[in-house]
Structures are given as C-alpha cells and as structure tokens.
Amino acid sequence: YTLAIFGSPALDNRWGWRFEGHHLSLNFSVAAGEISVTPTFFGASPAQIRTGSMAGFRSQHYVHNAGFNLMNSFTDNQKSRAIEDGNPPFDILSGNLNRPRENWEDWKSLGNTGIAISSLDPQQKQLAQHIIDEVITVYRPKISQSYLNQVDINDLNFTWMGSTSDGEAHYWRLDGPDFFFEYDLVQSNGNHVHAVWRSKDGDFGEDLLMQHRQESH
C-alpha cells in the first residue's frame, strides 16, 4: 500500500491525499471547510470465506445484503424493468484498467437504465436509501452527512445484471445525475467483489477545483 500527498497540507490550502493498494483506493481532496472523498473503492477475494473457522464471513456484507433486499422486494413486473439482459460485466464499468484513455469516462453516459427509484413504493424507497446509507457512511458523520444531503433518492435508477440468487455471479448499480455506485460480484465464480462509489462531477476534487477557478480567475 502507498500513501501519496498532493500539495501542501494546511487549513487554508487546497490539497489532497490518497491511500491505495490492492483492493483499496481512498482519495481525499481538501479545500477550506470542504472535502471530497470519491472515488472510493473496496474489493475482496474471496468476497465470502466458504471454508475453515471463518466460513460465512463476507466482506462488505451490509452493502451486499442491501442490494439483495431491494431486489427481493420487487414484483415480477419491477424485476423485468430492473434486470438487464445479458451477462454481468466481468468488472466495474467505471474502471479504466485495460481500457483506452478515450473510453475512461464512458460510464458517465450509461443513461437511465433499470428501474427508476421514483416509481417504487415507500418501503422500497427506504431499502434503496439503505444502500446509499451503507455506501456513504463508511466515512465519519460530518463528511457522510454532507454527501447524504446532496442525494435525492428519487433521482436514481437501480440496474441489475446476472443471477438474482445469492451466491451466484451478479452485478448491480445505483446511479443518478451525480451519485454512482456499482457492485460487481462476478469474478472467481461470483466470489470476488469490486465495489466503487464515484461522482460524475466531483471525483478527485474536480468540483472543488472548479470552485477555485471560478473564485480566483
């Protein structure tokens, strides 16, 4: 794992830091009174330990269960709208590994696929909100609450690909105008997870840099 610091840390400076290694990438951009924490990436292989004294333990089990809880709440008609045809992607769609540079931002224009959260009943909307809560509240309350205040559940769509049986390969994402979270459990016969939270407008502090340019130029 490596720690990288960008700029000069100070209360009145714009600077950033990154902690990164295999199956982990944490990115922080800081400005006076503001902080950006996307992209945030967590992975694990195996996703669930299946043998030995820790059999049954699953990395990121809260997010995993939150996705299934929402899917399992759907009627047959809702499932037909949420599930996309075809095999689930082998890896997250917002990654750039082994992709040409000109395609690195294709994920931002995937469109409104799946089922609109605004069409769900109140109980189902709470299940969708639970996903957002699990994703964002990995950070301390002061940071996470700021992000939670910016996400309107009715602006989001939920898309599923692959099996709807727990333990089998599948992929799902919850995304909208800016919030983008995808959960890919496909590799190693559905036991190798990659999960990432990204911002279409604010990754790597892009929104803070834009604010700086507007204020200073």
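Above this text you will find the structure in question.
This report concerns the structure included in the present document. What you see is a predicted model, and the numbers here were worked out from it, not measured in a lab. (Residues numbered from 1 in each chain as written. Predicted model: local features only at pLDDT ≥ 70, side-chain atom pairs only at ≥ 80, totals over all residues. Heavy atoms only, no water.)

Thoughts on the pattern of salt bridges
Scanning the model with the defined rule gives four salt bridges in all. Lys108 is the partner of Glu105 in a salt bridge, and the nearest nitrogen-oxygen pair spans 3.5 Å. Two residues, Asp175 and Arg173, come together in a salt bridge whose shortest N-O distance is 3.7 Å. Of the two residues, Asp175 and Arg173, neither departs from the other in class, the shared state being buried. (Salt bridge = Lys/Arg side-chain N within 4 Å of Asp/Glu carboxyl O. Buried < 20%, exposed > 50% of the residue type's maximum accessible area, 1.4 Å probe, protein only.)

Considering the nonpolar core
Counting 39 residues, the largest nonpolar core has Ile132, Ile136, Phe158, Phe179, Phe181 and Trp197 as the members making the most contacts within it. Looking at this core, the elements with two or more residues in it are β3 (24-31), α1 (61-72), α3 (122-136), α4 (141-148), β7 (157-162), β8 (170-175), β9 (179-186) and β10 (192-199). Contact partners of Trp197, with chain neighbours within four places excluded, come to Val37, Thr38, Pro39, Thr40, Val135, Ile136, Tyr139, Tyr147, Phe179, Phe180 and Phe181. (Core = buried A, V, L, I, M, F, W, Y, C linked by side-chain atoms within 4.5 Å. Helix = DSSP H or I, 4+ residues; strand = E, 2+ residues; numbered from the N terminus. Contact = heavy atoms within 4.5 Å.)

Focus on unusual backbone geometry
Note that the residue after Thr38, namely Pro39, is joined by a cis bond; omega there is 0 degrees. As for its position among the elements, Pro39 is in the loop between β4 (34-36) and β5 (40-44). The omega torsion across Ser45 and Pro46 is 5 degrees, close enough to zero to call that bond cis. In this fold, Pro46 is placed in the loop between β5 and α1. Its identity as a non-glycine residue notwithstanding, Ser188 has a phi of 55 degrees, on the positive side.

Some remarks on the environment of Phe19
By the element assignment, Phe19 lies in strand β2 (residues 15-21). The exposure class of Phe19 is partly exposed, given its relative accessible area of 31%. With 114 residues separating them in the primary sequence, Phe19 and Asp133 have C-alpha atoms 23 Å apart. Beyond its immediate sequence surroundings of up to four residues, Phe19 is in contact with Tyr1, Thr2, Leu3, Leu24, Ser25 and Leu26.

The quantities given are spatial measurements derived from coordinates; they are silent on function.
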